[in-house]
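Inside the fold
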Amino acid sequence: MSNSIDDLFADFVRTRSPALLRTAFLLTGDRHLAEDLVQEALARTHRGRRRLEDPGHFEAYTRTAMYHQQVSRWRRRKMAESLPGELADVVQPGSDHAHRTDLKLALHQVLAQLTRRQRAVLVLRYFEDRSEAEAADLLHCSVGTIKSQTSKALARIRQLAPDLLSAVMEEA
């Protein structure tokens, strides 16, 4: 059984690492920090892999470890904000690549200007499609805090780039 759980975990790492990296990038705003966050979360999952009843729980355990680790980083030290790195994106046939690139750059610049907590709330609520209660549980705060941080973050985005939200909605 030891080899089979190890094989399942290795397969999980190979197949789900890009998705985990995208989420970590949105949480941190920096490619290198995102890679570190994913690596730490995968290491925690690897240490606990035998305790997980079902290998299907690897992803939930890893994502929870990422969120908790990011919250711990906020509490430990203040880090200077940096411009986000680049993340590969799959180009859809027939799409306007230049427009998508401009939109991504504008979105990354605006997200970099939000507080870490606001960025995390937006990632959980809109990228991860988590409920307010789930986001509050993952970030160890109240549902009211999630609501207020979401509201403040969206207001800040509207202030910094008024046309960005409508452009993102058109793209979706």
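Further up the page is the structure itself.
Please read all numbers here as calculations on a predicted model, not as lab measurements.

1. A word on the side chain of Arg49
Counting through the fold element by element, Arg49 comes out in the loop between α2 (31-47) and α3 (58-76). Within the structure, Arg49 has its side chain in polar contact with the backbone oxygen of His46 (distance 2.5 Å).

2. Section: the packing of helix α5 (residues 116-127) against helix α7 (residues 143-160)
At a closest axis distance of 9 Å, the pairing of α5 and α7 adopts a crossing angle of 100 degrees. Here α5 lies roughly perpendicular to α7, going by the angle between them. Residues Arg117, Gln118, Val121, Leu122, Arg125 and Tyr126 of α5 form the contact with α7, whose participating residues are Thr145, Ile146, Gln149, Thr150, Lys152, Ala153, Leu154 and Ile157. Partitioning the contact of α5 with α7 into residue classes produces 7 nonpolar, 4 polar and 3 charged.

3. A word on the nonpolar core
Grouped together as the largest cluster of nonpolar side chains are 42 residues, with contacts concentrated most on Leu27, Val38, Met66, Leu122, Leu139 and Ile146. Going through the elements one at a time, α1 (2-28), α2, α3, α4 (97-112), α5, α6 (132-139), α7 and α8 (164-171) are the ones with two or more residues in this core. Element by element, the count of residues in this core is highest for α1, at 9 residues. Beyond its immediate chain neighbours, meaning those up to four positions away, Leu139 contacts Val71, Trp74, Arg75, Arg117, Ala120, Val121, Leu124 and Ile146.

4. Structural notes on the environment of His108
In this fold, His108 is placed in helix α4. In sequence terms His108 and Leu26 are 82 residues apart; their C-alpha atoms lie 8.6 Å from each other.

5. Notes on the packing of aromatic side chains
Going through the model one piece at a time under the given rule, you end up with 3 aromatic pairs. With a centroid separation of 5.4 Å and an interplanar angle of 85 degrees, the aromatic rings of Phe9 and Phe58 are classed as edge-to-face. On the criterion of sequence distance, the pair formed by Phe9 in helix α1 and Phe58 in helix α3 is long-range, its members being 49 residues apart. Considered together, Phe9 and Phe58 belong to a single accessibility category, that of buried residues. Across from the ring centre of Tyr126, 5.9 Å away, lies the NZ or CZ of Arg125, which sits over that ring.

6. Here's the deal with unusual backbone geometry
Phi at Asp129 takes a positive value of approximately 55 degrees, unusual for a residue other than glycine. Topologically, Asp129 is positioned in the loop between α5 and α6. For His140, which is not a glycine, the phi torsion comes out positive at approximately 55 degrees. Structurally, His140 can be placed in the loop between α6 and α7.

About the thresholds
Residues numbered from 1 in each chain as written. Predicted model: local features only at pLDDT ≥ 70, side-chain atom pairs only at ≥ 80, totals over all residues. Heavy atoms only, no water. Helix = DSSP H or I, 4+ residues; strand = E, 2+ residues; numbered from the N terminus. Polar contact = N/O pair within 3.5 Å; in protein donor to acceptor, adjacent residues only side chain to side chain. Axes fitted to C-alpha atoms, helices over the stretch in contact; angles between N-to-C directions. Parallel < 35°, antiparallel > 145°, perpendicular 65-115°, else oblique. Contact = heavy atoms within 4.5 Å. Nonpolar A, V, L, I, M, F, W, Y, C, P; charged D, E, K, R; others polar. Core = buried A, V, L, I, M, F, W, Y, C linked by side-chain atoms within 4.5 Å. Buried < 20%, exposed > 50% of the residue type's maximum accessible area, 1.4 Å probe, protein only. Phe/Tyr/Trp six-rings, centres within 6.5 Å; stacked < 30°, edge-to-face > 60°. Lys NZ or Arg CZ within 6 Å of the ring centre and 35° of its normal.

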